[in-house]
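Next come the chains, spelled out residue by residue.
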Amino acid sequence: MDFLATAVTDPTFLTYFLLALAVGLALGFEFVNGFHDTANAVATVIYTHTLKPTPAVIWSGIWNLIGVLASSGAVAFGIVALLPVELVINIGSSAGFAMVFSLLVSAIMWNVGTWYLGLPASSSHTLIGSILGVGLANALMGPDHSVTDGVNWAKAQEVGLGLLISPVVGFVAAALLLITLKILVRKPELYRAPVGQTPPPLWIRAILMLTCTGVSFAHGSNDGQKGMGLIVLILVGILPGTYALKMSADHETVAGLSAEAAQLSSVFADDADGAVISGREANDILAAFLKPSGQPSVEVFAALAGATADVSGRLKDAETFQALPSSERGDVRTDLYLVSKTIAKLDKAGRLAMDPEVRAAEQALGQHADALTNYIPDWVKYAVALSLGLGTMIGYKRIVKTVGEKIGKDHLTYGQGASAEAVAMGTIMVADHFGLPVSTTHVLSSGVAGTMAANNSGLQVATVRNILMAWVLTLPVCIFLGALLFAGALNAIALLGFR
């Protein structure tokens, strides 16, 4: 008997205990994220004496909150796209819950370890490595033992490129910006290191405050999303009746979705030579297609026809999602998730309808399905923002000291701090626009190093070597930890007699 499935249908103390534990772990990840990434946002304003530590952290926390609240959710669900599809659609199962616990615990372990050593490691790398480890372990422990299908390698490559390129962009762009500043702004005081505890001139303080604000906002809009997607998955798995669908959707939206699904069900059936596959069999076919090795086939279109017909049938008589029986909401979400991802993959493969109007209708159905399943409750955004801010307040000193004092041989100047933060802000905002998770730590640390090189200040080789070592080790260590914890959790579940 699956104790989590029982908990879903019969909410008990166990249900809410597991919910609190899982959400607490996700918020704990964001809390530790505050040690690393958010601390980078305040490093320059603290070390240039623009602001005292406490007001700097509070100010950064406020703008992190604003960034989180303004975020689109694209990054959050980009992270979710890395997870094994069979675990995402069965997140309320023991295996799904083991996945969430394993990847969060492994990410927190590595983040705390590198923070203790004062190394600005990447929370993005940490979480993604843990997800890859869980995906690989899930594949190796499955019936096919296929590593190829264990991870969404296309999405992993896209994310990996963003994480690899961003430090190079940070280093080069910050160096060029500092050189450009020296040419255009001939104010010697901008390129001096702080003297004692004396704050810089007002105009320099304004510049540094602006860049700190920008980095904090950008960090919230990008890094703050990583935990949000996982929290939403947890909520969907344990309380699908409440969180499986965007319950605030109005009647017009729900009715429109039902009509679109009904219309396109016949289109997909035509592509399958009139065949329709429904129910669990359809879900299994679509989930297999969404694996990296999945290829378009008649069966895929038949299953797509069945899934869209199921959505239309369930929503046809429902005024809103609130009117839908709570026991059916999780099933509707699963159908919508599989339909939207399948349409996106078919579109990328050029296998949607040739007729432009029909193809546009198919794309619109996928987008509407995404909008009603990929949403983040406001309270989750507030909780994540609060966790980031508290983590920064409590653990910022170690990382701030490394960024401010130990990367370059000379103390950080005002111009260097402003250049590094301006580049970090711009890089993160561009990545956020494209839904790519990048590391604030990598971009800002490499930006500081770039300004030190451009300023002929020299680099502290030992510190740079340790930071690079942490960056290199993060992915393999977290892959190993995630895989080990997931395998251990599944074995423990099997020993206890749960499914």
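Here, the structure is the one placed above.
Note that the structure is predicted; figures quoted are calculated from it, not measured.

Draft legend 1. Structural view of a nonpolar patch on the surface. On the surface, a cluster of nonpolar side chains totalling about 700 Å² of accessible area is made up of Ile58, Trp59, Ile62, Ile66, Leu386, Leu390, Met393 and Ile394. The topology assignment puts Ile62 in helix α3 (residues 53–70).

Draft legend 2. Spotlight on the pattern of salt bridges. For the coordinates displayed, the defined rule picks out 5 salt bridges. Residue Arg280 pairs with Asp284 through a salt bridge whose shortest N-O separation is 3.4 Å. In this pair, Arg280 and Asp284 both sit in helix α13 (residues 279–289), 4 residues apart, roughly one turn of the helix. Under the relative-accessibility criterion, Asp284 is labelled partly exposed at 39%. Arg314 is the salt-bridge partner of Glu328, the closest N and O atoms lying 3.4 Å from each other. Here the residue Glu328 occupies a position in helix α15 (residues 326–348), and Arg314 occupies one in helix α14 (residues 298–315), the gap between them amounting to 14 residues. With a relative accessible area of 26%, Glu328 lands in the partly exposed category. For Arg314, a relative accessible area of 25% gives the class partly exposed. Here the residues in one salt-bridge network are Asp310, Arg314, Glu328 and Asp331, joined through shared partners.

Draft legend 3. Broad picture of the nonpolar core. Formed by 102 residues in total, the largest nonpolar core has its most connected members in Leu83, Met99 and Leu103. If sequence neighbours within four positions are ignored, Leu83 has contacts with Val88, Met99, Leu103, Ile131, Leu230 and Leu233. Val215, Ile407, Leu444 and Met452 belong to the second-largest nonpolar core, a separate cluster that totals 32 residues.

Draft legend 4. Local environment of the side chain of Glu362. By the element assignment, Glu362 lies in helix α16 (residues 356–373). With no salt bridge to any partner, buried Glu362 finds its closest opposite charge in Arg359, at an N-O distance of 6.9 Å. A polar side-chain atom of Glu362 sits 3.1 Å from the main-chain amide nitrogen of Ala353. With residues near it in sequence (within four places) discarded, Glu362 still touches Leu264, Val267, Phe268, Ile343, Leu352 and Ala353.

Draft legend 5. Highlighting the packing of helix α18 (residues 414–433) against helix α19 (residues 440–454). The N-to-C vectors of α18 and α19 enclose an angle of 145°; their axes lie 8 Å apart at closest approach. As for how α18 packs across α19, the hand of that crossing is right-handed. Counting all contacts with α18, which are made through Gln416, Ser419, Ala420, Glu421, Val423, Ala424, Thr427 and Ile428, the residues of α19 involved are Thr440, Val443, Leu444, Gly447, Val448, Thr451 and Met452. A per-class count over the contact of α18 with α19 returns 8 nonpolar, 6 polar and 1 charged.

Draft legend 6. Fine view of the packing of aromatic side chains. Tallying each qualifying case throughout the model produces 3 aromatic pairs. Taking the ring centre of Tyr191 as reference, the NZ or CZ of Lys182 above it sits at 6.0 Å.

Draft legend 7. Examining the environment of Asn456 more closely. Summarising the element assignment, Asn456 is placed in the loop between α19 and α20 (461–495). With relative accessibility at 70%, the residue Asn456 sits in the exposed group. Each C-alpha atom, one on Asn456 and one on Asp410, is 9.5 Å from the other, the two residues being 46 residues apart in sequence.

Draft legend 8. Layout of empty space enclosed by the protein. For the structure on display, the rule yields 1 cavity of 30 Å³ or more. Of the volumes computed, that of the largest cavity is approximately 60 Å³. Mapped onto the lining of the largest cavity, the elements with two or more residues apiece are α4 (74–80) and α15. Among the elements that make up the lining of the largest cavity, the one with the highest residue count is α15 (3 residues). When grouped by side-chain class, the residues that make up the lining of the largest cavity number 6 nonpolar, 1 polar and 2 charged.

What counts, and at which threshold
- Residues numbered from 1 in each chain as written.
- Predicted model: local features only at pLDDT ≥ 70, side-chain atom pairs only at ≥ 80, totals over all residues.
- Heavy atoms only, no water.
- Patch = residues over 30% accessible without salt bridge, like charges linked within 9 Å, V, L, I, M, F, W, Y side chains within 5 Å.
- Areas by Shrake-Rupley, 256 points an atom, 1.4 Å probe, with all protein chains shown as cover.
- Salt bridge = Lys/Arg side-chain N within 4 Å of Asp/Glu carboxyl O.
- Helix = DSSP H or I, 4+ residues; strand = E, 2+ residues; numbered from the N terminus.
- Buried < 20%, exposed > 50% of the residue type's maximum accessible area, 1.4 Å probe, protein only.
- Core = buried A, V, L, I, M, F, W, Y, C linked by side-chain atoms within 4.5 Å.
- Contact = heavy atoms within 4.5 Å.
- Lys, Arg positive; Asp, Glu negative; His and termini not counted.
- Polar contact = N/O pair within 3.5 Å; in protein donor to acceptor, adjacent residues only side chain to side chain.
- Axes fitted to C-alpha atoms, helices over the stretch in contact; angles between N-to-C directions.
- Left-handed = near helix turned anticlockwise from the far one by under 90°.
- Nonpolar A, V, L, I, M, F, W, Y, C, P; charged D, E, K, R; others polar.
- Phe/Tyr/Trp six-rings, centres within 6.5 Å; stacked < 30°, edge-to-face > 60°.
- Lys NZ or Arg CZ within 6 Å of the ring centre and 35° of its normal.
- 1 Å grid on protein atoms, 1.4 Å probe; cavity = no way out; pocket = protein on both sides within 12 Å on 5 of 7 lines; lining within 4 Å.
- Points joined across faces, edges and corners; volume = space filled by probe spheres on them.

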